[in-house]
Amino acid sequence: MMTSNNPKKPNTLGDWAYIAVEKHFNKTIKHEAEVLKDQDPEALHQMRVGMRRLRTAVTGFAPALDLPPAAQERQIGKIARILGELRDLDVLKEALENKYKAALPKSEQKVINTALDYLETKRSETFKLVKKTLEVKSSYQKLKQAFQDWFKEPKYQVTAQLPILEVLPDLLLPEIGEFLLHPGWLVGVETNETKIRPKANLNHQEVEEQLHQQGEMLHDLRKQAKRVRYQLELFTDFYGETYAAYCQDVKKVQEILGNIQDSMVLGEFLTEALQTEKAKLPETLSKELAETRYQAWQEWQVLQARYLNFPVRQGFHKELLQPQGLPD
């Protein structure tokens, strides 16, 4: 193992690992106090994102890093999941209040009010867990201390001394390969001789059937898109506009599939809150949820067709092979 202080002119894998980990660690902990006050949902959102990006930095630079046990990826993941449970409830609340309630007739709005009351009870219980997770002597505090100690005296694997420009493709290509090989890309496709393409002109019912059968696969692709996006965004300084465009595509995949998943989760939450079957949800509300999924599906098919196109995938790989130089 090699040890090093953070250098002034970073050019090795270890240098950039330090920069990334420190950046996202600091962005995470600066929201801690506001999260505990529980007055601004944005603070929770930013802390959750910070934890996810920190986790990505730790996993993305794993070949270079030698972190203490309390600062390992699995420890970050545990805390991020607890924050995520609370954030997911905030997202549901925002959707119910700002998107769906106003679109419903008055006769159905009481359903939203019932769901919101149930949500507040559940959120109060979840916040207690978040507070316990962040308080003194918790695993979060141990994680925080472990990183702070590591920043003072960082330790690295021997590969940390490799030049960043020479190993960037080695870091990124396996991630992108796994992403593009995910079976979620083949949900709702048809094969015509040797060409694979999305099925065109599916009606609402057909889309619902696809999501019922393979929605979990799309959800898993969405999660992988999120991880890949964070990984790619660690290295935007080393590439140009083409790389940025690919990053934007991955972000769109995450967002579009996220809209589908959020709608499905909301339907399941309403079923739980109202103690009824989804088929018995108020008609207008059911249609609104289905329409959200249908419109997102149309957007998804555009990106799906693009990345089932071999030249596009090949171009993505080629771009990763050509980092342009060290940032100023």
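All values derive from a computational prediction rather than experimental measurement.

Draft legend 1. Examining the overall build of the protein more closely. Across its full length, the protein holds 11 helices and four strands. The C-alpha radius of gyration of the protein comes to 22 Å, within 12% of the 20 Å expected for a compact globule of 328 residues. Counting only C-alpha atoms and orienting by the principal axes, one finds that the protein spans roughly 65 × 60 × 30 Å. Total accessible area on the protein is roughly 17200 Å²; 48% of this is exposed by carbon and sulfur atoms. If you average the places of the 46 positive and of the 47 negative side-chain charges in the protein, the two averages end up 3 Å apart.

Draft legend 2. Local environment of the packing of helix α5 (residues 106-134) against helix α9 (residues 241-274). The contact between α5 and α9 brings their axes to 9 Å, and the two run at 90°. Classed by the angle they form, the pair α5 and α9 counts as roughly perpendicular. Counting all contacts with α5, which are made through Val111, Thr114, Ala115, Tyr118, Leu119 and Lys122, the residues of α9 involved are Phe269, Leu270, Glu272, Ala273 and Leu274. In terms of residue class, the contact of α5 with α9 is built from eight nonpolar, one polar and two charged.

Draft legend 3. Up close: the pattern of salt bridges. If you walk through the whole model with that rule in mind, you get 14 salt bridges. Residue Glu120 is joined to Lys93 by a salt bridge in which the shortest nitrogen-to-oxygen separation is 3.0 Å. Linking Glu120 in helix α5 with Lys93 in helix α4 (residues 73-100), this pair joins segments that are 27 residues apart in sequence. Classification of Glu120 as partly exposed rests on a relative accessible area of 35%. On the accessibility criterion, Lys93 (27% relative accessible area) is partly exposed. One network of salt bridges, in which partners are shared, links Asp38, Asp90 and Arg123.

Draft legend 4. Molecular detail of unusual backbone geometry. A positive phi is found at Asp38, a non-glycine position, where the angle reads about 60°. On the secondary structure map, Asp38 appears in the loop between α2 (32-37) and α3 (41-60). Taking relative accessible area as the criterion, Asp38 reaches 31% and is therefore assigned partly exposed. Its identity is not glycine, yet Asn201 carries a phi of approximately 60°, on the positive side.

Draft legend 5. Highlighting the packing of aromatic side chains. Under the definition given, this model contains 18 aromatic pairs. When the ring of Phe61 is compared with that of Phe235, the centres are 5.5 Å apart and the planes differ by 65°; the resulting orientation is edge-to-face. Pair noted here: Phe61 is in the loop between α3 and α4 and Phe235 is in the loop between α8 (204-233) and α9, with a separation of 174 residues, a long-range link. As far as the burial class goes, Phe61 and Phe235 line up, both buried. An aromatic cluster of three or more residues is present, and its members are Tyr18, Phe25, Phe147, Trp150, Phe151 and Tyr156.

Draft legend 6. The arrangement of the nonpolar core in detail. Ranked by size, the top nonpolar core spans 76 residues in total, and within it Phe61, Phe147, Phe179, Leu232, Phe235, Trp300 and Phe316 carry the most contacts. Residues in contact with Phe61, not counting those within four places in the same chain, are Leu13, Trp16, Ala17, Ala20, Leu234 and Phe235. Leu92, Leu104, Val111 and Leu119 belong to the second-largest nonpolar core, a separate cluster that totals 17 residues.

Draft legend 7. A look at the side chain of Glu319. With respect to the helices, strands and loops of the structure, Glu319 is situated in helix α11 (residues 310-320). Of the side chains with opposite charge, Lys318 lies nearest to the buried Glu319, which makes no salt bridge, at 10 Å. Excluding residues that lie within four positions of it along the chain, Glu319 makes contacts with Tyr239, Gly240, Thr242, Tyr243 and Tyr246.

Draft legend 8. Representation of helix α7 (residues 164-180) within the structure. Here α7 contains 17 residues, and its C-alpha end-to-end distance of 24 Å stays within 8% of the 24 Å for a straight helix at 1.5 Å per residue. Listed in full, the buried residues belonging to α7 are Ile164, Val167, Leu168, Pro169, Leu171, Leu172, Ile176, Gly177, Phe179 and Leu180.

Draft legend 9. Structural detail: the pairing of strand β3 (residues 189-192). Looking at chain direction, β3 and strand β4 (residues 195-198) are connected through four bridges and run antiparallel. Bridging from a neighbouring strand, Glu190 pairs with Arg197 of β4. What sits between β3 and β4 in their antiparallel hairpin is a turn of two residues, with Glu193 showing a positive phi close to 60°.

About the thresholds
- Residues numbered from 1 in each chain as written.
- Predicted model: local features only at pLDDT ≥ 70, side-chain atom pairs only at ≥ 80, totals over all residues.
- Heavy atoms only, no water.
- Helix = DSSP H or I, 4+ residues; strand = E, 2+ residues; numbered from the N terminus.
- Rg over C-alpha atoms; globule rule 2.2 N^0.38 Å.
- Areas by Shrake-Rupley, 256 points an atom, 1.4 Å probe, with all protein chains shown as cover.
- Lys, Arg positive; Asp, Glu negative; His and termini not counted.
- Charge placed at Lys NZ, Arg CZ, Asp CG, Glu CD.
- Axes fitted to C-alpha atoms, helices over the stretch in contact; angles between N-to-C directions.
- Parallel < 35°, antiparallel > 145°, perpendicular 65-115°, else oblique.
- Contact = heavy atoms within 4.5 Å.
- Nonpolar A, V, L, I, M, F, W, Y, C, P; charged D, E, K, R; others polar.
- Salt bridge = Lys/Arg side-chain N within 4 Å of Asp/Glu carboxyl O.
- Buried < 20%, exposed > 50% of the residue type's maximum accessible area, 1.4 Å probe, protein only.
- Phe/Tyr/Trp six-rings, centres within 6.5 Å; stacked < 30°, edge-to-face > 60°.
- Core = buried A, V, L, I, M, F, W, Y, C linked by side-chain atoms within 4.5 Å.
- Expected span 1.5 Å × (residues − 1).
- Pairing = 2+ DSSP bridges.

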